[in-house]
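Listed below, chain by chain, are the residues.
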Amino acid sequence: MLNEYAYCPRLAYLEWVQGEFADSVDTVEGRFQHRRVDRPSGGLPPSPADEEAGPGDDDDPTAETIHARSVLISDQALGVIARIDLIEGQGNAVIPVDYKHGKTPDLPEGAWEPERVLVCIQGLLLRANGYTCSQGMLYFVESRQRIAVPLDDALVSRTLELLSGIRDMASSGRIPQPLEDSPKCPRCSLVGICLPDEVNFLSAQGRAITREDVRRMAPARDDSIPVYVQTQGAVVGKSGEQLEVKQKSQVLQRVRLMEISHLALFGNVQVTTQAVRELCDRSIPICYFTYGGWFRGITNGMGHKNVELRCRQFMGAVTSEAALSISRQLVFGKIKNCRTMLRRNHREVPSATLAELNRLADRALTAPSLDTLLGIEGAAARTYFSEFQGMIKIRSVAFDFQGRNRRPPRDPVNAVLSFLYAMLIKQAMIAAITVGFDPYLGFYHQPKYGKPALALDLVEEFRPIIADSVCISLINNGELGTGHFVTRGHATALAPNGRRKVIESYERRMDALVTHPLFGYSVSYRRILEIQVRLLARHLLGELPSYPVFRTR
Ligand code: SF4
């Protein structure tokens, strides 16, 4: 953590206080190259500090040669614990060696400050345990070069200064500002979590930071994919590094674990304990749906360690002003995005409808209470859905939309909408859990047993532009027909072949790249949803003055 603090104080706060971690090329390479040194071997002679005779003679040629790997060492007075890759030496004179995965940097000191600080604190720990240590060593794996780091007064004093700094930072409870326009950020493993340029831009407050200064440093879309299993009677198990879906003894599908974002099971599908444990270890959620697509639950490892965020979430949810301010933005964004949907897709949207939606969106921004906001949202939904049929270009009785109905849906359009909203809520739930929120405590939707209120909040701004948009496209492109639905009594549901079509189209939409309206870079809807959840967290943690709702233009 001292190494991270020397690199960027915010990085240390995110990792140490908020429990964030993410792999990058650097961390994966580092782990791979560390695999040998991480295996403990050899040993240190008893700590001279513990021996009655005191430290021995460092120049004694008969003294024992030390070559100990992966040694855990600590000191109460320093308040530091470290695992040292390798300790070499003779007698009491030792040198800590730290393995670095890259090439030796071209610097007069031979290494960057965070690396020198790291071996310095290791040296100080060894000294505190009674050994003699006058230098540390950095071994750069790629260039196979050793760089000696003398533990001189300047480095020791800087290391102790940083040690005191990181403690003060952690106890302050305030996350440091992101670095500005720093070349460190694109290489930082937490850049997709920290959102440095985005946070700097949205909290600029007088500083000359523009949208053009925001760099897209995280990938535009995720490489991992969700796995859906809807074959009744199938069993999901683990086989080596793969998930295996079987029915009886026949293998239906194999997917590499490293490529899975989450597992979605529909109806009567079993999952083995080994598979559950592996998915939990890898923080891959398992989502359970009824056969008809109702979202029933989620399995999710040990949960996120960011208790600081949960405290702020709970405080925000019970503070009416904070909850109202976030809710106003959510409803405003939803109404504006409904308006955009009609403008883009309706054959001939009445100007009065667009004006009414504008008026309701503006009213949402100043609503004096959640009850008023609910009324405004209800009025906007009635206005929007009264023109929904105008976006359906196929003339068919099956897709004659007379208004929104649910529980259960009574016609094909409502069946598709309900299924897509459930998909979206699942995605928001996963994003909320990934970021460290409690998905059951919302700001706009009020707590109710079993209701994922925060996930419902988070999907508001995305319902029209993702779910409604997928529904309209599927119908207008002729991808859905009456054969994709089943009707029992008054209830209409998607048949398995219809569900498959809707899931495929939904996933394509989530992966579609769009230009982010605030930041100007190209990014997938799936990633945008996660960014919104992270921005909500930044707002609650006091970094952003308000929640910046997502609005398409
Ligand atoms: S992305 Fe930049 S500001 Fe954020 S933690 Fe990493 S180095 Fe620090």
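That block above? That's the structure.
Nothing here was measured: the structure is a model prediction, and the numbers come from that model.

Caption draft 1: Summary view of the pattern of salt bridges. Inspection of every chain in the model, using the stated rule, returns 22 salt bridges. Here Arg508 makes a salt bridge to Glu479, at a shortest N to O gap of 3.7 Å. Taken together, the residues span a long stretch of sequence, with Arg508 in helix α16 (residues 496–511) and Glu479 in the loop between α15 (463–476) and β14 (485–488) at a distance of 29 residues. Each of Lys334, Glu377, Glu460 and Arg463 takes part in salt bridges that share partners, so that together they form one network.

Caption draft 2: Looking closely at the packing of aromatic side chains. One pass over the full model with this rule turns up 15 aromatic pairs. Ring centres of Phe385 and Phe388 lie 5.4 Å apart, and the angle between their planes is 40°; on these two criteria the pair is classed as tilted. Here Phe385 and Phe388 have matching classes, each one buried. Clustering of aromatic rings is evident, with ring pairs tying together Tyr228, Phe266, Phe289, Phe295 and Phe419. Sitting above the plane of the Tyr7 ring, Lys184 keeps its charged end 5.1 Å from the centroid. Note that Arg499 overlies the ring of Tyr291, its terminal NZ or CZ placed 4.7 Å from the centroid.

Caption draft 3: Expanded view of the pairing of strand β7 (residues 235–239). One ladder, built from five bridges, connects β7 with strand β8 (residues 242–247); its direction is antiparallel. By the bridge assignment for β8, Ser239 is matched with Gln242. What sits between the antiparallel neighbours β7 and β8 is a turn of two residues, in which Gly240 has the positive phi angle 60°. In terms of strand pairing, β7 meets strand β11 (residues 270–271) through two bridges, oriented parallel. Bridging across to β11, Val236 finds its partner in Val271.

Caption draft 4: Spatial organisation of the site of the ligand. What surrounds the ligand is the set Tyr7, Cys8, Leu11, Pro178, Leu179, Cys185, Cys188, Val191, Cys194 and Pro196. The class makeup of the residues in the shell around the ligand is 10 nonpolar, no polar and no charged.

Caption draft 5: Spotlight on the environment of Val349. Structurally, Val349 is set in the loop between α10 (320–345) and α11 (351–365). Taking C-alpha positions, Val349 is 54 Å from Ser172, a pair spaced 177 residues apart along the chain. With residues near it in sequence (within four places) discarded, Val349 still touches Leu342, Arg343 and Leu354.

Caption draft 6: A look at the packing of α10 against α11. Running from N to C, α10 and α11 cross one another at 170°; their axes reach a closest spacing of 8 Å. In this view, α10 runs roughly antiparallel relative to α11, as classed from their interaxial angle. In the packing of α10 onto α11, the handedness of the crossing is left-handed. Contacts between α10 and α11 involve Arg328, Gln329, Val331, Phe332, Ile335, Lys336, Arg339, Leu342 and Arg343 on the former and, on the latter, Thr353, Leu354, Leu357, Asn358, Leu360, Ala361, Asp362, Ala364 and Leu365. For the contact of α10 with α11, the per-class residue count stands at 10 nonpolar, three polar and five charged.

Caption draft 7: Structural detail: the sheet that holds strand β6 (residues 225–229). Ordered in space as β6-β10-β12-β13, the four strands form an open sheet in which the pairing is mixed. Edge strands, defined here as strands with exactly one partner in the open sheet, are β6 and β13 (295–299). Taking the axes of each pair of neighbouring strands and ignoring which way they run, one obtains an average angle of 20° across the sheet. Pairing analysis gives four bridges linking strand β12 (residues 286–289) to β13, with the strands arranged antiparallel. Residue pairing for β13: Ile286 is matched across the bridge by Thr299. Docked against the sheet, α16 engages β6 and β10 (260–266), running at close to 175° with respect to β6.

Reading the values: the criteria
- Residues numbered from 1 in each chain as written.
- Predicted model: local features only at pLDDT ≥ 70, side-chain atom pairs only at ≥ 80, totals over all residues.
- Heavy atoms only, no water.
- Salt bridge = Lys/Arg side-chain N within 4 Å of Asp/Glu carboxyl O.
- Helix = DSSP H or I, 4+ residues; strand = E, 2+ residues; numbered from the N terminus.
- Phe/Tyr/Trp six-rings, centres within 6.5 Å; stacked < 30°, edge-to-face > 60°.
- Buried < 20%, exposed > 50% of the residue type's maximum accessible area, 1.4 Å probe, protein only.
- Lys NZ or Arg CZ within 6 Å of the ring centre and 35° of its normal.
- Pairing = 2+ DSSP bridges.
- Near = heavy atom within 4 Å.
- Nonpolar A, V, L, I, M, F, W, Y, C, P; charged D, E, K, R; others polar.
- Contact = heavy atoms within 4.5 Å.
- Axes fitted to C-alpha atoms, helices over the stretch in contact; angles between N-to-C directions.
- Parallel < 35°, antiparallel > 145°, perpendicular 65-115°, else oblique.
- Left-handed = near helix turned anticlockwise from the far one by under 90°.

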